[in-house]
Amino acid sequence: MKHLLSISDLSHGDALSILDTAHEMARVSSSSVKKLPTLRGRTIVNLFLEDSTRTRISFEAAAKRLSADVINFSAKGSSVSKGESLKDTAQTLQAMGADAVIIRHSASGSAQWLADSHWMSGIVINAGDGTHEHPTQALLDAFTIRRHLGAGSGDLQGLTIAIVGDVLHSRVARSNVLLLSLLGASVVLVAPPTLLPVGVESWPARVSYDFDSVLPEVDAVMMLRVQQERMNDYFFPTAREYSHYFGLNRDRLALMKRSAIIMHPGPMNRGLEITAECADSARSVIVEQVTNGVSVRMAVLYLLLAGLPTEFGGVDA
Amino acid sequence: MSVALPAVDIARALTRISHEILEKNNGSASIVLLGIPTRGAHLAQRIAATIAAIEGTPVSVGTLDITLHRDDLRMRPPRPLMTTMIPASGIEGMNVVLIDDVLYSGRTIRAALDALGEVGRPKTVQLAVLVDRGHRQLPIRADFVGKNLPTSINQSVRVHVVEIDGVDEVLIANEGEVR
């Protein structure tokens, strides 16, 4: 496996190998010297053509902890705003000797496109392409769930996870449905019919329109951001009505299992899909998700960049 | 493939190394044993048990994974990471004894010294190995050696331990033989 473009490219063993590697990387992140020489001399480009706080900073921190050189590239302030094409941008990065490009783009499939093109020879890591996929977010979510609800190792067999809200526009939901089901968890999608994509019945997940009836059985609730910037149509009557039926609030918190955790990929619309009280409650692991993101991205960078191209985890020392 | 060291010799060597470690460090109070995964970690546990039996008090023991500090990462597929477990008392000011199964090029130990620097600053770092097969590529030597095993560079040395392989033995294989 050369690139990380989609969760569907991963096998069960690949996914576990990334999570296990992330577990060891987490130890590095908590030690006093947060620096390893592993990727010294490698150049990693953060090609973020769509806005991002968490993912970009997280990849940058991960790359720097492994001693790689990081070049940040965003649409604003670069020649992209003058109309430079992705092809020319990619060729420029190739000419500069980028070993890996981490791409965030508003067009679905852009990461795949870059990987399939012959514009550059480096590794491509998908950091979110349109409404398609966001694989490292799903990996960090699975890692967080495993730390809290699993045995800390192995897969997620026997757990039920609800993914709630704007599934239609959510690349996080797509990647998570694939990964969580790959790891043996059962996934319930909770959303109004207008915010579910066509063909959702073919996904490895159940669908429910009734949040309250789902809550007592789930081990984790993953709230999705209502993506107002992608909403060019009327998907629900009012924000208040959406909150009433699909927002996480105090009453719904009381319906959840005592052990269940609250997750959100961020950025949150406080008061819309989640109340501040829930977001800041003791059962919320939202801040920890960010911390785990660095460990998971270190694992991905290590496995893709440290050695010769290979399958994840298939090698015995 | 021939057996260079049977189980009974391995047991004797580990017992002798345990005594030598105690002798050199004037008891077990200042010692931290760190095994290098995977087989070195098991050897460290056994030496720790032997030292505890001799002294009557437990000795600090842990593991140190050196994968992320290797200098040959680029030359081979990525290896899975192993567990690092540093004893709660830490290594600051202690006499750390690194324990590995085979000492060959010395590159693993160089990486281990780098990895230790990330954890703290020990008073001394010593090295115990079950087998020293020669062919060093770096100026590194072991303080405690179970057995010096002169080998040809074309041979490979394999250590098997009960915990993983079901049997204690050191094997030498010539080039082309199944390992």
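Residues numbered from 1 in each chain as written. Chains lettered and ligands numbered in written order. Predicted model: local features only at pLDDT ≥ 70, side-chain atom pairs only at ≥ 80, totals over all residues. Heavy atoms only, no water.

I'm lost on the overall build of chain A in this one. Help?
Of the regular secondary structure elements, chain A holds 11 helices and 9 strands. Here the C-alpha coordinates of chain A stretch approximately 55 × 45 × 35 Å along the principal axes. For chain A, the residues scored as buried account for 58% of the 317 residues in total. Counting only contacts in chain A whose residues sit at least 6 apart along the sequence, the fraction spanning at least 24 positions is 76%. Of the roughly 12,800 Å² of accessible surface on chain A, 52% is carried by carbon and sulfur atoms. Within chain A, the 32 negative side-chain charges are centred at a point lying 7 Å from the centre of the 29 positive side-chain charges. (Helix = DSSP H or I, 4+ residues; strand = E, 2+ residues; numbered from the N terminus. Buried < 20%, exposed > 50% of the residue type's maximum accessible area, 1.4 Å probe, protein only. Contact = heavy atoms within 4.5 Å. Areas by Shrake-Rupley, 256 points an atom, 1.4 Å probe, with all protein chains shown as cover. Lys, Arg positive; Asp, Glu negative; His and termini not counted. Charge placed at Lys NZ, Arg CZ, Asp CG, Glu CD.)

Even after reading the chapter, I still don't get the UniProt feature "domain: Phosphoribosyltransferase" (unreviewed entry) in chain B, so can you show me in this structure?
With numbering matched to this structure, UniProt assigns "domain: Phosphoribosyltransferase" (unreviewed entry) to residues 10-160 of chain B. Overall, residues 10-160 of chain B shows 30% helix and 25% strand. The separation of its end C-alpha atoms is 10 Å. (UniProt positions renumbered as here; feature names shortened; annotations may be inferred.)

What should I look at first to understand the UniProt feature "domain: Aspartate/ornithine carbamoyltransferase carbamoyl-P binding" (unreviewed entry) in chain A in this one?
According to UniProt, the "domain: Aspartate/ornithine carbamoyltransferase carbamoyl-P binding" (unreviewed entry) feature falls on residues 2-146 of chain A. For residues 2-146 of chain A, the helix share is 41%, the strand share is 17%, and the end-to-end C-alpha distance is 26 Å.

Would you mind going over the domain arrangement of chain A with me for this structure?
Interface extent is often summarised as the accessible area lost during association of the parts. Residues and elements named next belong to chain A. What the domain assignment reports for chain A is domain 1 (7-134 + 292-305) and domain 2 (135-289). Contacts between the two partners involve 32 residues from domain 1, matched on the other side by 31 residues from domain 2. Buried surface at the junction of domain 1 and domain 2, both sides included, amounts to about 2,600 Å², of which 61% is carbon and sulfur. Between the two partners, domain 1 and domain 2, sit 2 salt bridges. Between R146 and D20 there is a salt bridge whose closest N-O contact spans 3.1 Å. (Domains from an automatic or database assignment. Buried area = accessible area lost by both parts, 1.4 Å probe. Salt bridge = Lys/Arg side-chain N within 4 Å of Asp/Glu carboxyl O.)

Explain helix α2 (residues 54-65) of chain A here, please?
For an α-helix, 3.6 residues make a turn, and residues three or four places apart therefore share a direction. Taking 1.5 Å of rise per residue, 12 residues should cover 16 Å, and α2 of chain A covers 16 Å from first to last C-alpha, within 8% of that figure. What α2 of chain A keeps buried is the set T55, S58, F59, E60, A62, A63 and R65 of chain A. (Expected span 1.5 Å × (residues − 1).)

Just checking my understanding: could you explain the interface of chain B and chain A for this structure?
Every contact between the two is made by 16 residues of chain B and, on the other side, 23 residues of chain A. Approximately 1,900 Å² of surface area, both sides summed, lies buried where chain B meets chain A, with 58% of it carried by carbon and sulfur atoms. Among the residues of chain B in contact with chain A, L68, P78 and E118 of chain B are the three that bury the most area, contributing 36% of the side total. Linking chain B with chain A are 0 salt bridges. Here chain B is connected to chain A by 5 residue pairs in polar contact (both at pLDDT 80 or more). (Polar contact = N/O pair within 3.5 Å; in protein donor to acceptor, adjacent residues only side chain to side chain.)

Where do I start with the nonpolar core in this structure?
The tendency in soluble globular proteins is for nonpolar side chains to be buried as a group. Judged by nonpolar contacts, the single largest core of 71 residues is most densely connected at L139, L180 and L301 of chain A. Tallying contributions element by element places helix α11 (residues 286-305) of chain A first for this core, with 10 residues. Built from parts of two domains, this core gets at least three residues from each of domain 1 (7-134 + 292-305) and domain 2 (135-289) of chain A. Sequence-distant contacts of L139 of chain A, defined by excluding residues within four places in its chain, comprise L4, I7, L10, I18, L19, L179, V296 and V300 of chain A. If you look at the next biggest cluster of nonpolar residues, it comprises 29 residues, including L5, V61, L130 and V161 of chain B. (Core = buried A, V, L, I, M, F, W, Y, C linked by side-chain atoms within 4.5 Å.)

Is there a simple way to explain the sheet that holds strand β6 (residues 144-148) of chain B in this structure?
Backbone-to-backbone hydrogen bonds pair the strands of a sheet. The strands run either parallel or antiparallel. Residues and elements named next belong to chain B. In spatial order, the strands read β3-β2-β4-β5-β6; together these 5 strands make up an open sheet with parallel pairing. The open sheet has two edge strands with one neighbour each: β3 (60-63) and β6. The sheet shows a mean angle of 20° between the axes of neighbouring strands, direction not considered. Where strand β4 (residues 95-103) and strand β5 (residues 124-132) come together, 8 bridges link them in parallel fashion. Directly across from N95, in β5, lies its bridge partner T124. Strand contacts of helix α1 (residues 7-24): β2 (31-35), β4, β5 and β6, with the helix running at about 150° to β6, the strand carrying the most contacts. Docked against the sheet, helix α2 (residues 39-55) engages β2, β3, β4 and β5, running at close to 130° with respect to β4. (Pairing = 2+ DSSP bridges. Axes fitted to C-alpha atoms, helices over the stretch in contact; angles between N-to-C directions.)

What is the right way to read the sheet that holds strand β4 (residues 123-129) of chain A from this model?
All names here are of chain A. Strand order in the open sheet made by the 4 strands is β2-β1-β3-β4, with parallel pairing throughout. Both edges of this open sheet fall to β2 (69-74) and β4, since each of them pairs with a single strand only. Here the strands of the sheet are splayed against their neighbours by 15° on average, with no regard to which way each runs. When strand β3 (residues 100-105) meets β4, the two strands line up parallel, connected through 5 bridges.

Help me understand the pattern of salt bridges, please; the structure alone is not making it clear to me.
If the charged atoms of two oppositely charged side chains come close together, the side chains can form a pair. This model, assessed by the stated rule, comprises 24 salt bridges over all chains. The salt bridge partner of R206 of chain A is E217 of chain A, with a shortest N-O separation of 3.1 Å. Within this pair, whereas R206 of chain A is found in strand β7 (residues 206-208), its partner E217 of chain A is found in the loop between α7 (211-214) and β8 (220-223), the two being separated by 11 residues in sequence. R206 of chain A sits in the partly exposed class, given a relative accessible area of 44%. Several salt bridges share partner residues, and in doing so they unite D71, R107, R110 and D114 of chain B into one network.

Help me understand the environment of V170 of chain B, please; the structure alone is not making it clear to me.
Residue and element names in this part refer to chain B. Its place among the elements puts V170 in strand β8 (residues 169-173). Its relative accessible area of 0% is what places V170 among the buried residues. For the pair formed by V170 and S2, sequence separation is 168 residues and the distance between their alpha carbons is 8.5 Å. Contact partners of V170, with chain neighbours within four places excluded, come to S2, V3, A4, L5, I10, L130, V131, L149, V157, R158 and V159.

What is the right way to look at the packing of aromatic side chains in this model?
Two descriptors summarise a pair of aromatic rings, namely the distance from one centre to the other and the angle between the planes of the rings. Residues and elements named next belong to chain A. Within the structure shown, the criterion is met by 3 aromatic pairs over all chains. Summarising the aromatic geometry, the rings of W113 and W119 are spaced 5.1 Å apart at their centres and angled 85° between planes, so their arrangement reads as edge-to-face. Its relative accessible area of 52% is what places W113 among the exposed residues. Through a chain of ring-to-ring contacts, three or more aromatic side chains come together here, namely F236, Y242 and F246. Directly above the aromatic system of F59 lies the positively charged group of R297, at a separation of 5.0 Å from the ring centroid. (Phe/Tyr/Trp six-rings, centres within 6.5 Å; stacked < 30°, edge-to-face > 60°. Lys NZ or Arg CZ within 6 Å of the ring centre and 35° of its normal.)

What is the right way to look at the UniProt feature "domain: Aspartate/ornithine carbamoyltransferase Asp/Orn-binding" (unreviewed entry) in chain A in this model?
What UniProt calls "domain: Aspartate/ornithine carbamoyltransferase Asp/Orn-binding" (unreviewed entry) maps, in this numbering, to residues 157-304 of chain A. Taken end to end, residues 157-304 of chain A has its terminal C-alpha atoms 27 Å apart, with 36% of it in helix and 14% in strand.

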